[in-house]
Amino acid sequence: MFSKELISKFEGTPTPFYYYDMALLRRTLDTLSKATAKYGYNMHYAVKANANPVILKTISDYGFGADCVSGNEVLKAIECGFNPSKVVFAGVGKSDKEINDALAHDIFCFNCESVQEIQVINQLASQCGKIARIALRLNPGIDAHTNKCINTGLEDSKFGINFNLLDQVVKEVMVLSNIKLIGLHYHIGSQILDLEPYRLLCQRSNEMQQKLQLLGLNLPEINLGGGLGVDYINPDQNPIPDFEKLLDTIHENLDVKEGQRVHFEFGRAVVAQCGTMIARTLYTKKASKTTFAIVDAGFNDLIRPALYGSYHKIENLSSVSEAEDVYDVVGPICESTDVFAQGYQMPLTQRGDLIAFRSAGAYGEIMASRYNLRDLAKAYFFD
Ligand code: LLP
């Protein structure tokens, strides 16, 4: 996938670093724009997946909204060109400062996760003479059949308000004078490859709409959170997720009343495939049962394999050997979990070889830390 010319550019760049293929990002955004325009759906990019300003500016240029989960994400999104009137703000634990910052920018909507949070927003909004638009984030009790670490919509997950409490919560919220309830929000998880959980989510949303109708309410906004998955195994064959198929499924299954608007919040599906982490092999060594390829990137640079057991395709960009061996690809951090892959088949690898960790554009650079006082990997953008 990487041309010789590009690899020669990598050769001169200090490793590890993040490489972003901006042409692929734009192709992905074009595809997403077309798919959302088909039904007039509203897309909010989930800033948590990658908040590099170059990436954020590229996405905001397409006119998408932003889905934020912290006050700093709200501020960064606005700074990078997202219109506050398209910014939504979710999170189980919004601090007073974060709420005040979002109020000051008149964001589109707070996705609220408890009654107490809504009461605090009401109080802070009244102090600054504003009316806060909110959506109730309902926990839909749906298993998204994804990695258990990133399944957010199960009944006992910490997120959202239990859907069975809708009537009661609506009554408590309607009396608050500085709150305007504008919609319902759901989130079922991330890296979802199966469309069935989305169908179930539509059913749950339809049920909730009926409940609201009985209360005499017709709320204009429906936000169906749940991140479409990407193909980590074959990034070159499937560089752009099938947005259209998912949105077609939603269109077929979701009841949308006159004047209602439907929102989505994708992070990973937008940015995962355009990013690659490039590292260099420092050493190889044999143990009794395995051969280690020790690279100069660690879990501080890309934490997904260590944290969730996630798979990233690994490629040796330098080896010209036809022969292969099986490696445990590990980093330099002083922890046994600093392992990118075990028993991984690669061309014969030696000191100095460049190693690519594919599909690292989402939850890669943004989750990096300075653990072991290591430097943060830089980002480079290529067209
Ligand atoms: N909106 C909310 C409220 C979320 O909780 C999430 C992800 C998203 C949007 C974006 O979902 P996406 O489109 O990226 O799937 N660090 C983990 C992923 C955690 C995602 C949890 N919530 C990973 O590296 O797999």
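How each quantity is defined
Residues numbered from 1 in each chain as written. Predicted model: local features only at pLDDT ≥ 70, side-chain atom pairs only at ≥ 80, totals over all residues. Heavy atoms only, no water. Disulfide = S-S within 2.5 Å. Helix = DSSP H or I, 4+ residues; strand = E, 2+ residues; numbered from the N terminus. Domains from an automatic or database assignment. Contact = heavy atoms within 4.5 Å. Buried area = accessible area lost by both parts, 1.4 Å probe. Salt bridge = Lys/Arg side-chain N within 4 Å of Asp/Glu carboxyl O. Polar contact = N/O pair within 3.5 Å; in protein donor to acceptor, adjacent residues only side chain to side chain. Nonpolar A, V, L, I, M, F, W, Y, C, P; charged D, E, K, R; others polar. Phe/Tyr/Trp six-rings, centres within 6.5 Å; stacked < 30°, edge-to-face > 60°. Lys NZ or Arg CZ within 6 Å of the ring centre and 35° of its normal. Buried < 20%, exposed > 50% of the residue type's maximum accessible area, 1.4 Å probe, protein only. Pairing = 2+ DSSP bridges. Near = heavy atom within 4 Å. Areas by Shrake-Rupley, 256 points an atom, 1.4 Å probe, with all protein chains shown as cover.

Visitor: So what's going on with the state of the cysteines? Which residues, and what values?
Guide: Taken as a whole and assessed by the stated rule, the structure comprises 0 disulfides. Cysteine 128 forms no disulfide, and the closest cysteine sulfur to it belongs to cysteine 112, at a distance of 14 Å.

Visitor: So, unusual backbone geometry: which residues are in play, and what are the values?
Guide: Note that the residue after threonine 15, namely proline 16, is joined by a cis bond; omega there is -5 degrees. By the secondary structure assignment, proline 16 is in the loop between helix H1 (4–11) and strand S1 (17–21). Positive phi, close to 55 degrees, is recorded for glutamine 191, a residue that is not glycine. Mapped onto the elements of the fold, glutamine 191 is located in the loop between strand S8 (179–187) and helix H8 (196–214). Although it is not a glycine, leucine 373 adopts a positive phi angle of roughly 55 degrees. Looking at where leucine 373 falls in the secondary structure, it is placed in the loop between strand S16 (354–357) and strand S17 (378–382).

Visitor: Describe the domain arrangement of the protein, and please don't skip the residues or the numbers.
Guide: As assigned here, the protein comprises domain 1 (4–17 + 273–382) and domain 2 (22–272). If you average the C-alpha positions of domain 1 and of domain 2, the two centres end up 33 Å apart. Across the boundary between the two partners, domain 1 contributes 21 residues, which contact 25 residues of domain 2. In this assembly, domain 1 packs against domain 2 so that about 2,100 Å² is buried in total across both faces, 55% of it on carbon and sulfur atoms. If you sort the residues of domain 1 by the area they bury against domain 2, Gln273, Tyr363 and Phe381 come out on top, with a joint share of 34%. Across the contact surface, domain 1 and domain 2 share 1 salt bridge. Note that arginine 358 is salt-bridged to aspartate 236, the shortest N-O span being 2.8 Å. Taken together, the links from domain 1 to domain 2 amount to 12 residue pairs in polar contact (both at pLDDT 80 or more). Of all the secondary structure elements, the ones that give two or more residues to the side of domain 1 that touches domain 2 are helix H11 (304–308) and S17. Taken together, the residues that form the side of domain 1 that touches domain 2 break down as 11 nonpolar, 5 polar and 5 charged.

Visitor: Talk me through the packing of aromatic side chains; I want residue IDs and the actual numbers.
Guide: Following the criterion strictly, the structure yields 18 aromatic pairs and no others. An aromatic cluster is present here, built from Phe2, Phe10, Phe17, Tyr19, Tyr380 and Phe382 joined pairwise through their rings. Above the face of the phenylalanine 163 ring, arginine 204 is positioned so that its terminal group lies 3.7 Å from the ring centre.

Visitor: Quick one: what's the story with the pairing of strand S2 (residues 42–46), residue by residue and with numbers?
Guide: The element S2 is largely enclosed, with a buried count of 4 among its 5 residues. In the sheet, S2 pairs with strand S10 (residues 261–266) via 4 bridges, with the strands oriented parallel. In the strand pairing of S10, methionine 43 is matched with phenylalanine 264. One ladder, built from 3 bridges, connects S2 with strand S3 (residues 65–68); its direction is parallel. Paired with histidine 44 across the two strands is glycine 65, which belongs to S3.

Visitor: Just give me the short version of helix H9 (residues 243–253), but keep the residues and values in it.
Guide: Structurally, the α-helix is built with 3.6 residues per turn, so residues lying three or four positions apart point the same way. Taken residue by residue, H9 has Phe243, Leu246, Leu247, Asp248, Thr249 and Ile250 as its buried positions. Along its buried surface, H9 packs onto helix H2 (22–39), H8, strand S9 (221–225), S10 and helix H10 (268–271).

Visitor: Could you give an account of the site of the ligand, with specific residues and numbers?
Guide: Around the ligand sit 17 residues, and of these Asp67, Ser190, Gly267, Arg304 and Tyr363 come closest. Between aspartate 67 and the ligand, the recorded distance is 2.7 Å, taken from a side-chain N or O atom to a nitrogen atom. In the environment of the ligand, a nitrogen atom lies 3.0 Å from a nitrogen or oxygen atom belonging to the side chain of glutamate 265. Here the ligand loses 95% of its free accessible area of 590 Å² to cover by the protein chains. Only S10 and H11 provide two or more residues apiece to the shell around the ligand. When grouped by side-chain class, the residues that make up the shell around the ligand number 6 nonpolar, 5 polar and 6 charged. Lining the shell around the ligand are residues from two domains, each supplying at least three of them: domain 1 (4–17 + 273–382) and domain 2 (22–272).

Visitor: Explain the environment of glycine 63 to me, using residue names and the numbers behind them.
Guide: Tracing the backbone shows glycine 63 in the loop between helix H3 (53–60) and S3. Among the residues examined, glycine 63 registers a relative accessible area of 35% and is labelled partly exposed. Measuring from C-alpha to C-alpha, the distance between glycine 63 and valine 47 comes to 14 Å, with 16 residues separating the pair along the chain.

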